[in-house]
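What follows is each chain in one-letter form.
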Amino acid sequence: MQQIINFLIRYKTFLLYILLLLISFVFTFQSHSYHQSKLLNSANYVTGSIYKFSDNFTSYFGLREENESLLKENELLRYQLYNETPYAPPTDSSNVTYTVVRGNVVKNSFSRQRNYITIDKGSADSIEQDMGVITDKGILGIVENASNGFASVQSILNEKSKINAKIKNSNHFGSLVWDAKKYTTVQLIDIPRQAPLTIGDTIVTGASSSIFPENIPIGTISKFDLDISKSFYVLDIALFNDMTNVKNVYVIKNLNRPEILKLEAKTQADDQ
Amino acid sequence: MISNSFFIITLRFTLLLLVQILVFNRLDFFGFINPLVYILFVYWYPIKENRTTFIVLSFLLGLCVDIFSDTLAINAAATGTIAYFRPVLMRFVFGVNYEFQSFKLNNSTKAQQITFLALLIIVHHLTYFTLEIFSFTNSLLILQKTMLIGLATLVLCLLFISLFSIKKE
C-alpha cells in the first residue's frame, strides 16, 4: 500500500498528464464520430455572447456589400412575386410546409477539417437540431446544436457533412461531401455512370432530404471523374456561396419532418 | 508577491485567449494560416512554479480555445503535451543551467530563446494537426501544415515577445 502511494506521489505529474490527455482524446474521438458536445461548443451562452460582442464592431465594415446583396435578393423575390399569378399570400397555416427564420453569422470558420458556423438565433426563435441553413446564394449547412440565443451550424465544409443533392436538369442524385482540401469546392459522389454530365451544370438540393426544400442552389460542376469502382462519378462542385464571406442567413424548418421521420422509422421497423 | 504573479497569469490567460479567438482564428492568411499564438502562455509561465498547476492551467487554456473554435479537445491535448514536456525541452536547450535558482529566460541568449520557442511550437503543432487530420495517409499534409503554420506562429510569437518584453537597463 505504502509503495503504491509512493509511486503515485512520485509520478503524479506524469499521471496527471496522461489523465488530461485521455480526457482530450475522449472528446476528440467523440467529435469524430458523433454530434459535437451539447454544452461545450461555440453556441453556449458565454462563447456566443463574446462572439456577438465582437461582431457588433466588425459587422459595420461590410454594411455596404450586405445592403447590395440584400437589394439584389429583394429584386429577385419581387420578380418572382409579380410573375406568379394569381398571387395569394399563404393565410391558411395548414398549407405551409416550411418556415423561415433569418439570422446573422457571428462566427465563421473554413480552414479546418470540421468547420462550424455560429449564428445569433437559437431555441428562443424555435431553432432546433437538423434544420437547414441557407444564404441568398445557396446552402450553408445544418443546425447542429442550439442554445437559448445561439445555434452552431455544421458547415458544408465539414468532413462529417453529407447532404442529398442532384443535378438540376437530369435529376440524378448523389451525396454532397467535402474532402477538406479547398474551401471553394465540395464533392458530389454516387452519381451513376450513365448520367449525362457537362461542366458548368447546376447542382441543387435533392427531394429526398427532409431538411432542405428541393431546388436550393449549391454550385456548378467544375470537374468530373469516375471513382475507383468505375461505376460512379465523383464531381467537383464550385460553390455559389463565398464561404469566407457569409453574413445574413435563413434557417429553414420543415414542418413535415417529424411525420417523414416517423414514417421512415415505421417502414424500417416493418422490414425487420 | 504571490498575488502579483497570480494576477499576471490570470490576465495573460484571458488576454491570450481573447486575442486567439477574436483575431488570429479569423486571420485565414492564404485561406488556411491561422497562427496559434496562445501557446506563448506556456513559454512565459514562470519556471519555478508548481508543475501540476501549470499543466492543468495550460490544459484549461487549450480547452477554452477549443470550445470557442468548435475543435473539441485538440488544442487542449496539444497544449497539455507541451506543458508536460517543457522541462525536457528546457534541459535540452539551456543545459543544466536552468535548474539553478538564478536562471531567468531573459538572461539567456537570443538564439536559445528562439530554439526553445520553436521546439515548443513544433511539438504543439505536430500533436494538433495529427489529431485534427487524423489519418496516416495524409502525413504529408500534416507535415506541410505544421511547417507553414508553425512558421507563422513563430514569427508572430517573436513579435509579441519583443513587444511585451521588459527592457534591460
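Below is a summary of the structure that appears in this document.

What counts and how
- Residues numbered from 1 in each chain as written.
- Chains lettered and ligands numbered in written order.
- Predicted model: local features only at pLDDT ≥ 70, side-chain atom pairs only at ≥ 80, totals over all residues.
- Helix = DSSP H or I, 4+ residues; strand = E, 2+ residues; numbered from the N terminus.
- Buried ≥ 20, exposed ≤ 12 C-beta atoms within 10 Å, placed from the backbone.
- Contact = placed C-beta atoms within 7 Å.
- Nonpolar A, V, L, I, M, F, W, Y, C, P; charged D, E, K, R; others polar.
- Expected span 1.5 Å × (residues − 1).
- Core = buried A, V, L, I, M, F, W, Y, C linked by C-beta atoms within 7 Å.
- Axes fitted to C-alpha atoms, helices over the stretch in contact; angles between N-to-C directions.
- Parallel < 35°, antiparallel > 145°, perpendicular 65-115°, else oblique.
- Left-handed = near helix turned anticlockwise from the far one by under 90°.

Before going further, it helps to examine the overall build of chain A. Across its full length, chain A holds five helices and twelve strands. On the principal axes, the C-alpha backbone points of chain A span a range of 85 × 50 × 40 Å. In chain A, which comprises 272 residues, the proportion classed as buried is 33%. Nonlocal contacts in chain A, meaning residues at least 24 apart in sequence, comprise 59% of its contacts between residues at least 6 apart.

Each partner contributes to the interface: chain B provides 25 residues, whereas chain A provides 27 residues. Counting only elements with at least two residues in the side of chain B that touches chain A, the list comes to helix 3 (51-69), helix 4 (74-94) and helix 5 (110-133) of chain B. When residues of the side of chain B that touches chain A are assigned to their parent elements, the largest contribution, seven residues, is made by helix 3 of chain B. Class assignment of the residues belonging to the side of chain B that touches chain A gives a composition of 15 nonpolar, six polar and four charged.

This part is about helix 5 of chain B. Residue and element names in this part refer to chain B. When the terminal C-alpha atoms of helix 5 are compared, their 34 Å separation across 24 residues agrees well with the 34 Å that a helix rising 1.5 Å per residue should span. Turning to helix 5, its buried residues number three or more, namely Phe116, Leu117, Leu120, Ile121, Val123, His124, His125, Thr127, Tyr128, Phe129 and Leu131. At the C-terminal side of helix 5, phenylalanine 134 shows a positive phi close to 55 degrees.

The biggest cluster of nonpolar side chains holds 47 residues, and the ones touching the most others in it are A:Leu140, A:Val143 and A:Val153. No other element matches the five residues that strand 4 (residues 139-146) of chain A contributes to this core. If near-sequence neighbours (up to four positions away) are discounted, A:Leu140 is found in contact with A:Ile117, A:Val133, A:Ile134, A:Thr135, A:Val153, A:Ser155, A:Ile156, A:Asn241, A:Val246 and A:Val249. Grouped together as the second largest cluster of nonpolar side chains are 44 residues, B:Phe41, B:Ile82, B:Leu117 and B:Cys157 included.

A word on the packing of helix 4 of chain B against helix 5 of chain B. Each packed pair of helices is defined by two parameters, the angle between the axes and the distance between the axes. Residues and elements named next belong to chain B. At a minimum axis distance of 9 Å, the contact between helix 4 and helix 5 shows a crossing angle of 150 degrees. On the basis of their axis angle, the class for helix 4 and helix 5 is roughly antiparallel. Considering only the axes of helix 4 and helix 5, their crossing is right-handed. Contact with helix 4, carried on its side by Ile74, Asn75, Ala77, Ala78, Thr79, Thr81, Ile82, Phe85, Leu89, Met90, Val93 and Phe94, involves Gln112, Thr115, Phe116, Leu119, Leu120, Val123, His124, Thr127, Tyr128, Leu131 and Glu132 of helix 5 and no other residues of that element. In the contact of helix 4 with helix 5, the residues fall into 15 nonpolar, seven polar and one charged.

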